[in-house]
Amino acid sequence: AAAPVEAAAAAALNVELADVEATEALGAALAHEVQRGDVIFLRGELGSGKTSLARGFLRRFFGNPLLDVPSPSYLLHFAYSSDDAAPQEVAAAVAPPAAEGGKATMQACRVSSSSLVPGCPVHHIDPFRLPEGKIAALVDFEAIFGAISLIEWPERLGDQLVSGDKPSRLEVNFEGFGPQGEGRIVTFSAVGDRWRGTLDRWAAEGGPLRSRPSDPAPSASLSPSPASDGQASATTTPAAASTRNCRALPADPRKWRVLGIESSCDDTGAAVLSGIGEILGEALASQSGIHEQWGGVVPRLAQDGHRKAIDATVEEALERAGVAAAELTAVAVTVGPGLGMCLEVGVRKALQIAAAHRLPVVRVHHMEAHMLVTRLPSADVAKAAAESADGVLPALSPAFPFLTLLVSGGHNMAVLSRGIGNHTILGSTIDDSIGEAFDKTARTLGITQVPGGPHLERLAKEGDADLHKLPKPLSKSRDPALQKGCDFSFSGLKTAVRALIDKEIPAAKVKEMSEPDLRQARAHIAAAFQNVAVQHLCERAGRAAEWAVEMEPEATSMVVAGGVAANQAVRQGLREVAEDCDLEMRCPPPRLCVDNGVMVAWAGVERLKLGLYEEPPTEAGTEHAVEIRPRWPLGNRDPRSQRPAPPKLPKGQKRKKEVNAAGGDAATEAAARKKTAA
């Protein structure tokens, strides 16, 4: 239900969505508002809820509550119709080049005997993976705009299809970045008289969440929220959980059995947890031996390794937990960020299990899982809750808000976390992560094991960190944002180490050195590298801690998570940073710092408790539901932080030149462009 705030006409309408059910309920309400020729643009970042809204719309429009509605990102275009729709009208939506033997861009689906607008198909389109404007050559939008269309990522349609006043449309903008959290805000705006009048009516009647346009908003669930910026605002409440087409969650979390699956890089992990955090069974298959000869992770080989290990790893976790797949409560799986080829293996396995047993699915952000595992109750606390009369856990610790330092082989971020799915990036790396720098420097020093970071740490203990002087990262930058910000850089340090190695132990000299002398020389360099890398990390972490406390004075904890958090020099340095800022440093146990299934299962538990999960696909629809997010921002970026690099554009699209409005030097701009999106 939605609460009216003001009856005057509004240019836009804000709606707050509590969870996935509320998002689908909003889509269902929209289905009662549409007519032939309506166009709805769904704008928002990955994971913001666009497909959930489309799912609710399509199920209500066609009266099919079991309808599979996957993201159209891979096939580009799903055309849904009822039996009374003319087949030629659906076929007409395919542009001639695609219809004449080109790659299929549309999946036609007859899904019911009737619909809310008799005979009218609905087109669900997502051109995210195409260059801007390319989809116009593959799809006949004249036919599509004549039916009903739901279009995700409409900015990719191109200028030839979209202008400021055409097509007439309803725009639904999902605010925020990263994994969907509580209280996602959706803003409706209209282009053209058709939807402008509808928005005015919604503002007067209490919002769009009604069974039919003529129905009043139920007064029992009205919940006013203040308007801002002259926009009407409303709050929604989720529908009853019993309406969801999946297994209901037991009322007692002690009875939950949540499977977590991790396959984002080179380790295959699976674990089963109860709803109070008991680790009932886990398994981890490492690929370190596969990649050592290559000096790093090879995506194709990693994918092959996951494919060979995924079934046995999941079965081992289930067996250790004493649970059959049919007895699970839900499945959580990492969908990004990570290596796309690897993510796909874990997601497919998770969806197969969920579809077979109608289990709720939780799509997990890899970095949020690293962060949240710090809140996993200790074995003693979980045991006490399990044996208590009510099974209630004490308040999870650390409590939000808190600062997180994510330090791993693929990521290096300082993040202010205010809640599940509510994160602000204070800083990130503009080139290499600290874990990547450790691994590559280890390789340069002759360490062949993968990952090399732990072996470099052991080697550094044998050396003198003060024997060699290495440059402090970003110390010579002329960019004020880099000098005074929380961003990291390790590429220059890595290059300096390579130059030092060439100077101190060139190939010709190595042949003349004894093995102990060579090891000692390498140990001194390893120690110097680790010392400067940790100093740089701690300097930036200290500034991030100051920003975090300034923004959220009630923050009392600093979480250090990710594989590099197992490094003792890193831990000690960051512990001193935390003490200086009057924060308590919290780290997961070392075995949970690396990629694992436990962190994914626990992230799933935390999200399940908030209703942030989705129904599984049918077994027949599993392949279409395998959606991955290799580049998935964790949250909004603090404006004081360096801007991230533009996302990698699809093949065939020319990269537009960026204009340096601030007049920074070319070197700094080049470095900023290398920065990966958080």
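Now for a quick tour of the structure. (Residues numbered from 1 in each chain as written. Predicted model: local features only at pLDDT ≥ 70, side-chain atom pairs only at ≥ 80, totals over all residues. Heavy atoms only, no water.)

Some words on the side chain of T329
- Topologically, T329 is positioned in the loop between α8 (299-321) and β13 (330-336).
- For T329, a relative accessible area of 3% translates into the label buried.
- Apart from residues lying up to four places away in sequence, T329 is in contact with L249, P250, K255, W256, R257, L359 and P360. (Helix = DSSP H or I, 4+ residues; strand = E, 2+ residues; numbered from the N terminus. Buried < 20%, exposed > 50% of the residue type's maximum accessible area, 1.4 Å probe, protein only. Contact = heavy atoms within 4.5 Å.)

Some details on unusual backbone geometry
- Residues K166 and P167 are joined by a peptide bond in cis, for which omega reads -5 degrees.
- Relative to the helices and strands, P167 resides in the loop between β6 (148-152) and β7 (169-174).
- For the bond running from F400 to P401, omega is 0 degrees, close enough to zero to count as cis.
- With respect to the helices and strands, the residue P401 is situated in the loop between α11 (379-387) and β15 (402-407).
- The phi angle at L474 is positive, at roughly 65 degrees, despite the residue not being glycine.
- Of note, L474 is situated in the loop between α13 (453-460) and α14 (480-484).
- The phi dihedral of D582 falls on the positive side, at around 60 degrees, and the residue is not glycine.
- If you trace the backbone, D582 turns up in the loop between α18 (568-580) and β19 (584-586).
- Given the relative accessible area of 70%, D582 is considered exposed.

Points about the environment of K308
- Locating K308 in the fold gives a position in helix α8.
- Taking the C-alpha atoms as reference, K308 lies 9.8 Å from T268; in sequence the two are 40 residues apart.

Comments concerning α18
- Between its first and last C-alpha atoms α18 spans 18 Å; for 13 residues at 1.5 Å apiece the expected length is 18 Å, and the two agree.
- Among the residues of α18, V570, R571, G573, L574, V577 and A578 are the ones counted as buried.
- As for α18, its buried residues are in contact with α17 (515-551), β18 (557-561) and β19.
- Of the residues trailing α18, D582 is marked for its positive phi of about 60 degrees. (Expected span 1.5 Å × (residues − 1).)

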